[in-house]
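A closer look at the structure
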Amino acid sequence: MEVLFFYLVALVAILSGLLVVTCRNPVNSGISLVMTFFCLAIFYVMLYAPFMAAVQIMVYAGAIMVLILFVIMLLNLGSEMNKRYMHGILGGAIAAGILMVQAMMFVRGGEVTSIRGDITHEKILSQGHTQIIGEKMFTEYVLPFEIAGILLLVALMGALILAKKKV
């Protein structure tokens, strides 16, 4: 039953991902992206990572998609997107085909290594996902975490400057 549910969710994720690319209306494309994010959250739940599923829904499906939809509505891209839409389909299809062939070559040519990390299934069950993520994020990966925060702040300031009509 789990395998059938996985294939059903995977099919919905693939179809909604295709709708993100093929929809002519940017708002419909954004809503399809939200559906893809929900499917990814279901995959996290199936991998026994409920914290990551909640973060996926709150951050990506909630905050970022609301931001993207506001930008789409603010810039009113509906008419311009319809004019330019047909031009990039062939190039996008060729690029997607090339990337698919490369991914298949990498998967077929790769081999499974026997390298194991220090985080085992027993450690996850005893400590929990949230504690392990917090410890790693604020000890080993504190510099990349801070850099990502600064980049997000700069992006927010850039969006505010671009949205202002008169500086």
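This structure is a prediction, so every number in the text was calculated from the model and none was measured.

With that settled, the discussion passes to the pattern of salt bridges. Tallying each qualifying case throughout the model produces two salt bridges. Two residues, K136 and D118, come together in a salt bridge whose shortest N-O distance is 3.6 Å. You can see K136 sitting in helix α7 (residues 129-138) and its partner D118 sitting in the loop between α5 (89-109) and α6 (121-127), a full 18 residues away along the chain. Taking relative accessible area as the criterion, K136 reaches 22% and is therefore assigned partly exposed. E140 serves as the salt-bridge partner of K136, at 2.6 Å between the closest nitrogen and oxygen. A single network of salt bridges, built from pairs that share partners, joins D118, K136 and E140.

Before going further, it helps to examine the confidence of the model for the protein. Per-residue confidence for the protein gives a mean pLDDT of 83; residues scoring 70 or more make up 90%. Per-element confidence in the protein ranges from a low mean pLDDT of 54 for helix α4 (residues 78-84) to a high of 93 for helix α1 (residues 2-22).

The next subject is unusual backbone geometry. Backbone geometry places Y48, a non-glycine residue, at a positive phi of 60°. For Y48, the location among the structural elements is in the loop between α2 (26-46) and α3 (50-75).

What follows concerns a nonpolar patch on the surface. The grouping of F5, L8, V12, M35, F38, I42 and I57 at the surface amounts to a nonpolar patch, some 550 Å² of accessible area in total. For the nonpolar patch, the secondary-structure elements that each account for two or more residues are α1 and α2. Mapped onto the elements, F5 comes out in helix α1. Judged by relative accessible area, F5 falls into the partly exposed class, the value being 41%.

A few words on the packing of aromatic side chains. By the definition in use, this model includes four aromatic pairs. Seen in terms of ring centroids, F6 and F43 are 5.4 Å apart; in terms of plane orientation they differ by 50°. Their pairing is tilted. Highlighted residues: F6 in helix α1 and F43 in helix α2, separated in sequence by 37 residues. Among the residues examined, F6 registers a relative accessible area of 35% and is labelled partly exposed. Aromatic side chains F37 and Y60 sit 5.5 Å apart centroid to centroid with 45° between the ring planes, which places their arrangement in the tilted category.

Parameters at a glance
- Throughout this description, residue numbers start from 1 for each chain and increase along the sequence as written.
- Residues qualify for local features only when their pLDDT is at least 70, as the model is predicted, and side-chain atom pairs are given and counted only at 80 or more; totals for whole chains, interfaces and linings, by contrast, use all residues.
- The side-chain quantities take in all heavy atoms of the structure and omit both hydrogens and water.
- The salt bridge criterion pairs a side-chain nitrogen of Lys or Arg with a carboxyl oxygen of Asp or Glu, the two atoms within 4 Å.
- Counting from the N terminus, the helices are the DSSP runs of H or I reaching at least four residues and the strands are the DSSP runs of E reaching at least two.
- Exposure classes here rest on a 1.4 Å probe applied to the protein chains alone. A residue is buried below 20% of its type maximum, exposed above 50%, and partly exposed in between.
- Residue-level confidence of the predictor is summarised by pLDDT, bounded by 0 at the bottom and 100 at the top.
- Grouping into patches uses exposed residues only, defined as over 30% relative accessible area, and leaves out salt-bridged ones; the cut-off is 9 Å for like charges and 5 Å for nonpolar side chains (Val, Leu, Ile, Met, Phe, Trp, Tyr).
- Here the Shrake-Rupley method, with its probe set to 1.4 Å, supplies the accessible areas, and only the displayed protein chains count as covering residues.
- Aromatic pairing here means that ring centres of Phe, Tyr or Trp (its six-membered ring) are within 6.5 Å. Orientation follows from the plane angle: under 30 degrees is stacked, over 60 is edge-to-face, and everything else is tilted.

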